[in-house]
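Residue-level structural notes
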Amino acid sequence: MKFNCPIAYHENTFDRGNTTMILVNSILPINSEAEYDRALAIAEPLVASRNLSNEESEFLSLIVILIEDYEGNHYPMGDVSPHAALLHLMEYSGTSQTDLVGSIGSAEIVAKIVDGKRSIDPIQAKALGEYFHVLASLFI
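Values in this document were obtained by computation on a predicted structure and should not be read as measured data.

**Details of the nonpolar core**
In terms of nonpolar packing, the biggest core is built from 16 residues, with Leu86, Leu100, Ile104, Ile120, Leu128, Phe132 and Phe139 touching the most fellow members. Every element with two or more residues in this core is listed here: α4 (82-93), α6 (107-114) and α7 (122-132). At five residues, the largest contribution of residues to this core is made by α7. In this view, leucine 86 contacts Leu100, Ile113, Val114, Ile120, Leu128, Phe132 and Phe139; residues no more than four positions away in its chain are not counted. Counting residues in each nonpolar core, the second largest holds 15 residues, with Ala39, Leu46, Phe59 and Leu66 among its members.

Spelled out as structure tokens, the structure:
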């Protein structure tokens, strides 16, 4: 199966008028490095966006599942601490501590979590999963 996603971007936005066609043509297993690279190119602008529509969010969740499956089979990472995962996602997406205030707690709580002085509780893990469009279990 080939990963074929005719996504049209305009100023790094998702083409909302083509969502159904994108979903029909895109939700296939990733079977090669080229398909993996295309999936990343689709997901990256969506991950960086802070204002996704419901359709974009659902589409991103599906693409992330496919990417994670491919990475798990081809790039096993072993155990990654919740703190390391958070720092990586923050760096990758350009997220600051201030961006997380309100999502996972006060500025003081966010600072303690980011500094590794406080663990992430299950409610915060769920919020972080939603914020970064990844599985909450990554933070537990």
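That was the structure; now back to the text.
**Section: the pattern of salt bridges**
In total, this model carries two salt bridges according to the counting rule given. For lysine 112, the salt bridge goes to glutamate 108, with nearest N and O atoms at 3.4 Å. Taken together, the positions of lysine 112 and glutamate 108, both in helix α6 and four residues apart, correspond to about one turn of that helix. Between glutamate 130 and lysine 126 there is a salt bridge, with the nearest N and O atoms lying 3.6 Å from each other. One end of the pair, glutamate 130, and the other, lysine 126, are both in helix α7, four residues apart, so they sit about a helical turn from each other. Taking the relative accessible area as the measure of exposure, lysine 126 reaches 53% and is therefore exposed.

What counts and how
- Residues numbered from 1 in each chain as written.
- Predicted model: local features only at pLDDT ≥ 70, side-chain atom pairs only at ≥ 80, totals over all residues.
- Heavy atoms only, no water.
- Core = buried A, V, L, I, M, F, W, Y, C linked by side-chain atoms within 4.5 Å.
- Buried < 20%, exposed > 50% of the residue type's maximum accessible area, 1.4 Å probe, protein only.
- Helix = DSSP H or I, 4+ residues; strand = E, 2+ residues; numbered from the N terminus.
- Contact = heavy atoms within 4.5 Å.
- Salt bridge = Lys/Arg side-chain N within 4 Å of Asp/Glu carboxyl O.

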